[in-house]
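# Close look at the chain arrangement
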Amino acid sequence: MRRRLFAANWKMHHGPGAARSFLGTFLEQYARRTDRDVWFFPPAISFTTVLDLVRGRPDLGAGVQNVHWEPKGAFTGEISVPMLVEAGANGAIVGHSERRHGFGETDEESGNKARALLAAGLVPVFCVGEKLEEREAGETWAVVRRQLNVLDGLPTRQLAQLVVAYEPVWAIGTGRNATPADAAEVHRSIRGWFEKQGVNPDDVTVPYGGSVNLRNGADLLAEPEIDGVLVGGASLDPTGWAQLISLR
Ligand code: PGA
């Protein structure tokens, strides 16, 4: 059975103090469940605080929301994969739509970031998804395939380490979300892409993201194609998050 990943993308919320207080409450309320991993992606400045507090719990992990592909150099504001390895990160979010569409991150840059993480044995949570006008024009799969194609040719051993989060851009932070059936169709196509690369599609974890919350989470997670969720807004409250990740 595929493992489930519940990932909290805190975006630009929770500095170190708020992160410590979140974890204090969360750890009291969430008992380990062996069929799922729970990873936190706090702002980089809160990362070591989170990691120190989840260390010792094999089901919990932490990463960052963005990373540079070069190992070091004059890249003001960036952090590198070797730094993440040294700090003990599980991985990093790559190609989030807010990076792609708000900060102009290109497909190629997302690919470079994923490659650098995979080469170091870390997990990219690689986000793909179409904008509303692209969905309405029937271009959903063409867009997602184009976003995946930058990973073309990677060794199957590395490809199998990827987490691909399907996050339709129109569903992020909007309160709208794809129906479980809509999401499942794209998830199936994503697995098909990996199969064509020679990867066992059941080795690839494909969570869904976009306005997932306590009301819609159970229906989404009941869909066998959906291997977990990547959650922004509903991951910010420790009690709500502990409940959300205990669904099904
Ligand atoms: P949201 O964000 O749950 O607030 O829609 C999800 C994401 O951007 O990863």
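Rules and cut-offs
- Residues numbered from 1 in each chain as written.
- Predicted model: local features only at pLDDT ≥ 70, side-chain atom pairs only at ≥ 80, totals over all residues.
- Heavy atoms only, no water.
- Helix = DSSP H or I, 4+ residues; strand = E, 2+ residues; numbered from the N terminus.
- Rg over C-alpha atoms; globule rule 2.2 N^0.38 Å.
- Buried < 20%, exposed > 50% of the residue type's maximum accessible area, 1.4 Å probe, protein only.
- Contact = heavy atoms within 4.5 Å.
- Areas by Shrake-Rupley, 256 points an atom, 1.4 Å probe, with all protein chains shown as cover.
- Lys, Arg positive; Asp, Glu negative; His and termini not counted.
- Charge placed at Lys NZ, Arg CZ, Asp CG, Glu CD.
- Pairing = 2+ DSSP bridges.
- Right-handed = clockwise from strand over helix to strand, strands pointing away.
- Phe/Tyr/Trp six-rings, centres within 6.5 Å; stacked < 30°, edge-to-face > 60°.
- Lys NZ or Arg CZ within 6 Å of the ring centre and 35° of its normal.
- Near = heavy atom within 4 Å.
- Polar contact = N/O pair within 3.5 Å; in protein donor to acceptor, adjacent residues only side chain to side chain.
- Nonpolar A, V, L, I, M, F, W, Y, C, P; charged D, E, K, R; others polar.

Right, let's get into the overall build of the protein chain. Counting secondary structure elements, the protein chain contains 11 helices and eight strands. In terms of overall size, the protein chain behaves like a compact globule, its C-alpha atoms giving a radius of gyration of 17 Å where 248 residues would be expected to give roughly 18 Å. Taking the principal axes of the C-alpha coordinates as reference, the protein chain spans close to 45 × 45 × 35 Å. Here the protein chain holds 248 residues, and 52% of them are scored as buried. Contacts in the protein chain between residues at least 24 apart in sequence constitute 71% of all its contacts with a sequence separation of at least 6. With an accessible surface of roughly 10,900 Å², the protein chain has 50% of that area assigned to carbon and sulfur atoms. Side chains of the protein chain give 26 positive and 30 negative charges; the mean places of these two sets differ by 3 Å.

Let us now look at unusual backbone geometry. Positive phi, normally seen in glycine, also occurs at Lys11, with a value near 50°. Of note, Lys11 is situated in the loop between strand E1 (4-9) and helix H1 (16-29). You will see that Ser211, though not glycine, has its phi angle at about 55°, which is positive. Inspection of the secondary structure assignment puts Ser211 in the loop between strand E7 (208-209) and helix H10 (217-221).

Another aspect to go through is the pairing of strand E4 (residues 91-94). Sheet faces and side chains relate simply in a regular strand, where the side chains alternate between the two faces. In terms of strand pairing, strand E3 (residues 60-64) meets E4 through two bridges, oriented parallel. Bridging across to E4, Val64 finds its partner in Ala92. Regarding topology, helix H3 (residues 81-87) serves as the crossover connection from E3 to the parallel E4, and that connection is right-handed. Across four bridges, the pairing between E4 and strand E5 (residues 123-128) is parallel. When the bridges of E5 are listed, Val94 appears paired with Phe126.

The next point concerns the packing of aromatic side chains. Taken as a whole, this structure holds eight aromatic pairs when the rule is applied. For the ring pair Phe22 and Phe40, a centre distance of 5.8 Å and an interplane angle of 80° mean the geometry is edge-to-face. Placement of Phe22 in helix H1 and of Phe40 in strand E2 (residues 36-41) is noted, with a sequence separation of 18 residues between them. Exposure class is identical for Phe22 and Phe40. Each is buried. In textbook terms, an aromatic cluster arises when at least three aromatic residues are bridged by ring pairs, as seen for Trp10, Phe22, Phe26, Tyr30 and Phe40. The lysine or arginine in question, Arg99, covers the ring of Phe103, its NZ or CZ lying 4.1 Å from the ring centre. Between the NZ or CZ atom of Arg100 and the centre of the ring of Phe126, over which it lies, the distance is 5.7 Å.

Taken together, 13 residues sit near the ligand, with Lys11, His96, Glu167, Gly173 and Ser211 positioned nearest. Between the ligand and Lys11, the relevant distance is 2.8 Å, taken from an oxygen atom to a side-chain nitrogen or oxygen of the residue. Burial of the ligand by the protein chains amounts to 95% of its free accessible area of 280 Å². Looking at the shell around the ligand residue by residue, the classes come out as four nonpolar, seven polar and two charged.

With respect to the secondary-structure elements, Asn66 resides in the loop between E3 and H3. Along the sequence, Asn66 and Gly91 sit 25 residues apart, while their C-alpha atoms lie 9.6 Å from each other. Ignoring anything within four residues of it in the chain, the contact list for Asn66 reads Glu78, Ile79, Ile93, Arg99, Glu105 and Lys113. In terms of polar contacts, Asn66 uses its side chain to reach the side chain of Lys113, at 2.7 Å.

Burial analysis of E2 places six of its six residues in the buried class, the great majority of the element. With burial as the criterion, each face of E2 is covered, one bearing Arg36, Val38 and Phe40 and the other bearing Asp37, Trp39 and Phe41. As paired elements, E1 and E2 share six bridges and run parallel to each other. Paired with Ala7 across the bridge in E2 is Trp39. With H1 bridging E1 and the parallel E2, this β-α-β connection has right-handed handedness. Each parallel crossover has a hand, and for E2 linked through helix H2 (residues 47-54) to E3 it is right-handed.

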